[in-house]
Amino acid sequence: MQEIRDFHAFPDAQGRFGQFGGSYVAETLMAPLAELTEAYLRLRDDPAFIAELDRDLTNYVGRPSPVYFAERLTRHVGGARILLKREDLNHTGAHKINNTVGQALVARHMGKTRIIAETGAGQHGVASATVAARLGLQCVVYMGAVDIERQKINVYRMKLLGAEVVPVTSGSKTLKDALNEAMRDWVTNVADTFYIIGTVAGPHPYPLMVRDFNAIVGREARAQLLDQYGRLPDVLTACVGGGSNAMGLFHAFLNDRGVRIVGAEAAGEGIATGHHAASLAAGRPGVLHGNRTYVLCDDDGQITETHSISAGLDYPGVGPEHAFLKDAGRAEYVGVTDDEALAAFHLLCRTEGILPALESSHAVAQAIKLAREYPKDGIVLCNLSGRGDKDVHTIAAREGVTV
Amino acid sequence: MNRIDRRFAALKSAGRTGLIPFVTAGDPAPEHAVALMHALVESGADLIELGVPFSDPMADGPVIQHASERAIAKGVGLADVLGWVAEFRRRDVDTPVVLMGYLNPIEIHGYVRFGEEAVQAGVDGVLLVDCPLEESAVLAPLRDAGLRQILLAAPTTAPERLANLCKAAEGFLYYVSFAGITGAARLSTTDIAARVADIRSHANAPVAVGFGVRDAGSAKAIAGFADAVVIGSALVERLEGVASATEVADRVLGFLAPIRSALDAG
Ligand SMILES: Cc1ncc(COP(=O)(O)O)c(C=O)c1O
């Protein structure tokens with residue numbers, strides 16, 4: 001692959017990150033995607049839109065989120081300093097709201113009256129229902145029947161916020177199938193409906209737009225580190241499901257070649273067992289959900305079922321920009337198992353009084369591994385993408401506790 | 001000349017509307033897949049659209065989704081589908097066969113390898129739902145091997161793209177009658193008649209209309225302004241769960257014969 005000078009120059013006008021990305025969708029969606037791209041690229045540079053978004057991020061989401069030095073965790077691990085970017089402190093409890101606030105504003109500017117979304121862990125569904133309620137838009141959330149079972153609290157939260165939650169019973173009944181069903185809805189209702197995709201996947205312009213709306217995470221963190229520590233971190237880490245919180249953290253640092261970047265994918269019961277969701281670490285290039293990226297599939301090209309303890313990471317594809325960063329050698333992607341994530345979950349609870357989402361616990365586990373590789377004055381910056389209240393039932397069940 | 005072009009030329013000179021049934025390969029039963037193809041032809045099909053099962057059929061409604069799931073559960077993959085086409089060709093060298101599906105199975109199989117094997121098997125074209133014209137560069141090896149890429153146009157297609165599609169169309173252009181997924185019942189022939197007529201006057205290829213055609217009545221209505229009609233979900237639904245080869249043939253005949261006569265009734 002050719003040497004890349006400027007990682008911020010991607011995607012190109014067709015939505016391609018090198019060989020990845022693009023718009024692999026049914027003909028019916030080509031026009032709405034072109035309309036969305038046109039609207040988004042216009043708004044993206046519009047000072048009034050930027051000011052509107054900034055106001056919402058400050059007053060509604062609660063930005064900026066702090067960078068927190070996890071001192072007791074660091075001491076416990078005995079390596080480099082572990083800093084946490086506290087996206088768990090955002091309104092609704094995860095980074096997902098950065099994106100939904102942005103897309104909802106785009107929807108309103110485009111005159112759309114109905115919002116649809118897919119969700120895995122329910123965090124993106126909650127974040128979509130939240131912004132829809134605030135803007136007075138109708139909201140329908142597609143969620144796999146399996147995920148509805150393991151994320152009951154979030155399902156109820158969405159209903160309280162006025163959203164309709166539609167169970168998806170096709171395929172593996174998880175996030176990928178919810179995405180298929182949301183696409184089918186969109187194809188059928190293109191005139192009045194805006195589809196808020198929850199991660200940096202899907203056809204162009206979604207990987208670009210969702211990344212842009214989450215890139216505030218890395219921009220803030222970069223400035224916070226320079227301000228508070230007078231330097232950049234040695235290494236960044238974040239969990240990667242579809243990859244939005246990770247892209248959000250990584251993007252501002254892509255051209256800082258001295259900063260190492262490590263994405264933590266869900267290795268489930270271990271990559272060797274086949275029960276995992278590590279598309280980059282164990283998959284191959286293919287086409288899924290409107291873009292070319294790394295996917296988990298069999299030799300017939302059928303997308304395989306994934307496994308992770310965290311619903312939000314249980315996805316057989318990944319955003320195309322991550323595929324590009326992997327092949328360009330700019331970022332590494334490694335697997336973190338269910339057990340490692342759970343151990344990190346408990347450790348963070350007890351050393352710092354922070355209850356992380358199971359998704360984010362994968363990043364914490366990876367941060368702990370990385371901290372051991374660096375000297376004590378090193379800095380590992382970890383994206384704490386969300387809080388774990390939604391996962392309490394899953395954890396209790398797994399540990400044989402009745403709540 | 002490709003079989004597709006030859007077939008449409010023959011239809012045109014006979015003044016007939018083409019009948020294009022869609023079935024999911026391997027459903028209702030992999031062991032009757034080839035018999036099903038012959039039954040389609042014997043019941044009046046002019047061209048066969050054979051669906052390659054895919055785990056994530058984003059553009060399909062429940063009927064075809066479930067047919068795909070059933071076929072995949074029985075282990076049906078691209079190699080089986082190519083094998084069935086090759087077997088079909090031993091008795092039928094004239095009826096064009098178009099494989100319809102999604103890109104990933106072909107991407108994973110390898111474009112060059114797929115192109116060679118498909119032509120070898122007797123496939124004439126591909127219709128890849130998630131590969132619009134803008135992304136079609138990857139299909140160059142298929143075209144080089146001699147396969148036609150069947151393009152789709154939709155009610156939402158903007159004028160400028162439509163002009164490009166009409167220019168690039170080969171084999172036939174598939175007009176999707178409404179914005180939606182397969183199997184929905186939203187057909188409004190009055191809305192689409194003028195649009196299809198316009199496309200026909202500009203396209204370099206014949207125009208087939210699909211989505212929402214369910215029976216003789218709706219097929220007949222479309223036939224007034226299209227070169228061919230495509231019928232999928234209603235047929236797939238009719239075949240669900242059928243276990244014997246004779247019953248497959250009976251159901252196909254029972255379903256297609258009235259449609260064929262309606263189309264031919266002038
Ligand atoms: C807290 C949290 N982190 C991470 C993710 C994974 O998504 P992504 O990889 O797009 O950040 C989710 C998804 O639901 C989530 O809720």
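Details of the structure are given in the entry above.
Presented here is a report on the structure given in the accompanying data block. (Residues numbered from 1 in each chain as written. Chains lettered and ligands numbered in written order. Predicted model: local features only at pLDDT ≥ 70, side-chain atom pairs only at ≥ 80, totals over all residues. Heavy atoms only, no water.)

**Topic: the packing of helix H10 (residues 216-223) of chain B against helix H12 (residues 245-264) of chain B**
Residue and element names in this part refer to chain B. Threshold: Axis geometry follows a simple rule: fit a line to the C-alpha atoms, using only the stretch in contact for helices, then measure angles between N-to-C directions, giving values from 0 to 180 degrees. Numbering of helices and strands runs from the N terminus, with a helix taken as a DSSP run of H or I at least four residues long and a strand as a DSSP run of E at least two residues long. Roughly parallel here means an angle under 35 degrees, roughly antiparallel means over 145, roughly perpendicular means 65 to 115, and every remaining angle is called oblique. Note on convention: the crossing is left-handed when the near helix lies turned anticlockwise from the far helix by less than a right angle, right-handed when the turn is clockwise. The contact criterion used throughout is that any non-hydrogen atoms of two residues lie within 4.5 Å. Just so you know the grouping, Ala, Val, Leu, Ile, Met, Phe, Trp, Tyr, Cys and Pro go in nonpolar, Asp, Glu, Lys and Arg go in charged, and all remaining residues, Gly too, go in polar.
Direction vectors running N to C along H10 and H12 enclose 30°, while the axes themselves pass 9 Å from each other. By the criterion of interaxial angle, the relationship of H10 to H12 is roughly parallel. Like other packed secondary-structure pairs, H10 and H12 cross with a definite hand, here right-handed. Only Pro258, Ile259, Ala262 and Leu263 of H12 make contact with H10, whose side of the interface consists of Ala216, Ala219, Lys220 and Ala223. Classifying every residue of the contact of H10 with H12 gives 7 nonpolar, no polar and 1 charged.

**A short note on unusual backbone geometry**
Residues and elements named next belong to chain A. Applicable threshold: Note on classification: 1.4 Å probe, protein chains only; a residue is buried when its accessible area is under 20% of the maximum for its type, exposed when over 50%, partly exposed between these limits.
Here Arg63 and Pro64 are connected by a cis peptide whose omega angle stands at -5°. Relative to the elements of secondary structure, Pro64 occurs in the loop between helix H2 (47-61) and strand S3 (67-69). A positive phi is found at Thr92, a non-glycine position, where the angle reads about 75°. Relative to the helices and strands, Thr92 is located in the loop between strand S4 (81-86) and helix H4 (96-109). The class of Thr92 is buried, set by a relative accessible area of 8%.

**Let's talk about the sheet that holds strand S6 (residues 138-144) of chain A**
Pairing between the strands of a sheet comes from backbone hydrogen bonds, and it takes one of two forms, parallel or antiparallel. Residue and element names in this part refer to chain A. Our working definition: Should DSSP find at least two bridges between two strands, the strands are regarded as paired.
Across the sheet, 4 strands lie side by side as S7-S6-S5-S8; this open sheet has parallel pairing. Each edge of the open sheet carries a strand with a single partner, namely strand S7 (164-168) and strand S8 (193-196). Looking at each pair of strands side by side, their axes are set apart by 25° on average, direction ignored. Against the sheet, helix H8 (residues 175-188) makes contact with strand S5 (114-119), S6, S7 and S8, and its axis sits at roughly 160° relative to S5, the strand it touches most.

**Some points on the interface of chain B and chain A**
As a reminder of what qualifies: Buried area is a sum: the accessible area each of two parts loses on coming together, probed at 1.4 Å, counted once for each and added. In what follows, salt bridge is the name for a side-chain nitrogen of Lys or Arg lying within 4 Å of a carboxyl oxygen of Asp or Glu. Counting of polar contacts relies on pairs of N or O atoms within 3.5 Å, with two restrictions inside protein: one atom must be capable of donating a hydrogen and the other of accepting it, and residues adjacent in sequence are counted only when both atoms are side-chain atoms.
Of the residues lining the interface, 39 residues belong to chain B; the matching set on chain A comes to 37 residues. With both chains or domains summed, chain B and chain A bury close to 2900 Å², and 51% of this area falls on carbon and sulfur atoms. On the surface where chain B and chain A come into contact, there are 4 salt bridges. Among the salt bridges present, the one from Arg161(B) reaches Glu27(A), with a minimum N-O distance of 2.5 Å. Counting the contacts that link chain B with chain A gives 18 residue pairs in polar contact (both at pLDDT 80 or more). Secondary-structure elements contributing two or more residues to the side of chain B that touches chain A are helix H3 (62-73), helix H5 (103-109), strand S6 (151-153) and helix H8 (159-168) of chain B. Looking at the side of chain B that touches chain A element by element, the count peaks at 5 residues for H5(B).

**Structural notes on the pairing of strand S2 (residues 48-51) of chain B**
All names here are of chain B. Cut-off, in case you're wondering: The crossover handedness rule: strands pointing away from the viewer, path from first strand over the helix to second strand clockwise, crossover right-handed.
Of the two faces of S2, the one carrying Ile48 and Leu50 and the one carrying Glu49 and Gly51 are both buried. Judged from the 3 bridges that link them, strand S1 (residues 18-24) and S2 form a sheet pairing that is parallel. Bridging across to S2, Phe22 finds its partner in Glu49. Assessed by its sense of winding, the connection that carries the chain from S1 through helix H2 (residues 33-42) to S2 is right-handed. Where S2 and strand S3 (residues 97-101) come together, 4 bridges link them in parallel fashion. Across the sheet, residue Glu49 finds its bridge partner in S3, namely Val98.

**Details of helix H6 (residues 111-121) of chain B**
All names here are of chain B. Our working rule: The directions considered for the arc are those from the helix axis to the C-beta atoms.
Those residues of H6 not exposed but buried are Tyr111, Phe114, Gly115, Ala118 and Ala121. The buried residues of H6 occupy an angular sector of 140° when projected down its axis, which confines them to one face. Of the exposed residues in H6, the ones pointing more than 90 degrees away from its buried face are Val112, Glu116 and Gln120. Among the residues trailing H6, Gly122 stands out with phi positive, at a value near 105°.

**Section: the side chain of Ser177(B)**
Residue and element names in this part refer to chain B. Relative to the assigned elements, Ser177 resides in the loop between strand S7 (173-176) and helix H9 (189-202). Ser177 sits in the buried class, given a relative accessible area of 7%. Here the side chain of Ser177 touches Phe211 through a polar contact of 2.6 Å, landing on its backbone oxygen. Not counting residues within four places of it along the chain, the set of residues in contact with Ser177 comprises Pro155, Leu187, Ile192, Val209, Gly210 and Phe211.

**Description of the sheet that holds S7(B)**
Read across the open sheet, the 9 strands follow the order S5-S4-S3-S2-S1-S9-S8-S7-S6 (chain B); overall the sheet is parallel. The sheet is open, and its two borders are formed by strand S5 (148-149) and S6 of chain B, each paired with just one other strand.

**Points about the pairing of S8(A)**
Regular strands have side chains that alternate between both faces of the sheet. All names here are of chain A. Of the two faces of S8, the one lined by Thr193 and Tyr195 and the one lined by Phe194 and Ile196 are each fully buried. Pairing between S5 and S8: 4 bridges, direction parallel. Its bridge partner being in S8, Ile116 is matched across the sheet by Tyr195.

**Considering the packing of aromatic side chains**
Residues and elements named next belong to chain A. So the rule is basically this: A pair of aromatic rings is counted whenever rings of Phe, Tyr or Trp (Trp by its six-membered ring) have centres within 6.5 Å, and the orientation is called stacked for planes under 30 degrees apart, edge-to-face for over 60 and tilted otherwise. Remark: a charge is flagged as sitting over a ring if the NZ atom of Lys or the CZ atom of Arg is within 6 Å of the ring centre and within 35 degrees of the ring normal.
Under the criterion given, the structure shown has 12 aromatic pairs over all chains. Residues Phe10 and Phe324 carry aromatic rings whose centres are separated by 4.5 Å and whose planes lie at 45° to one another, so their mutual orientation is tilted. With Phe10 in the segment before strand S1 (16-17) and Phe324 in helix H13 (residues 320-327), this pair connects stretches of sequence that are 314 residues apart. Cluster of aromatic residues (ring-pair linked, three or more members): Phe7, Phe10, Phe17 and Phe324. Cation over ring: Lys326 sits above Tyr294, and NZ or CZ is 5.3 Å from the ring centre.

**Digging into the side chain of Thr193(A)**
Residues and elements named next belong to chain A. Structurally, the position occupied by Thr193 is in strand S8. Here Thr193 falls in the buried class, since its relative accessible area comes to 1%. Among the polar contacts made by the side chain of Thr193, one reaches the main-chain carbonyl oxygen of Asn189 at a distance of 3.1 Å. In this view, Thr193 contacts Lys112, Arg114, Ile116, Asp185 and Trp186; residues no more than four positions away in its chain are not counted.

**Quick look at a nonpolar patch on the surface**
Definition in use: Distance thresholds for patches are 9 Å for like charges and 5 Å for nonpolar side chains (Val, Leu, Ile, Met, Phe, Trp, Tyr), applied to residues having over 30% relative accessible area and no salt bridge. Where accessible areas are quoted, they stem from the Shrake-Rupley method and a 1.4 Å probe; at the residue level, only the protein chains shown are allowed to cover.
On the surface, a cluster of nonpolar side chains totalling about 340 Å² of accessible area is made up of Leu355(A), Val392(A), Val401(A) and Val403(A). By the element assignment, Val403(A) lies in the segment after helix H16 (392-398).

**Looking at the site of the ligand**
All names here are of chain A. Filter applied, for reference: Residue proximity to a molecule or strand is established when one non-hydrogen atom of the residue lies within 4 Å of it.
Around the ligand lies a shell of 19 residues, among which Thr199, Gly241, Gly243, Ser244 and Ser385 are the nearest. Contacts to the ligand include Gly243, whose backbone N or O atom sits 2.7 Å from an oxygen atom. Taking Ser385, its side chain carries an N or O atom lying 2.7 Å from a nitrogen atom of the ligand. Computed on the free molecule, the ligand has an accessible area of 390 Å², of which 97% lies beneath the protein chains in the complex. Each residue belonging to the shell around the ligand can be placed in one class, and the counts come to 5 nonpolar, 12 polar and 2 charged.

**Some details on the environment of Gly241(A)**
Residues and elements named next belong to chain A. Examined against the element boundaries, Gly241 turns out to sit in the loop between strand S9 (235-240) and helix H11 (244-250). Measuring from C-alpha to C-alpha, the distance between Gly241 and Ser310 comes to 9.5 Å, with 69 residues separating the pair along the chain. Discounting chain neighbours no more than four positions away, the residues touching Gly241 are Gly312, Leu313, Tyr315, Gly317 and Val318.

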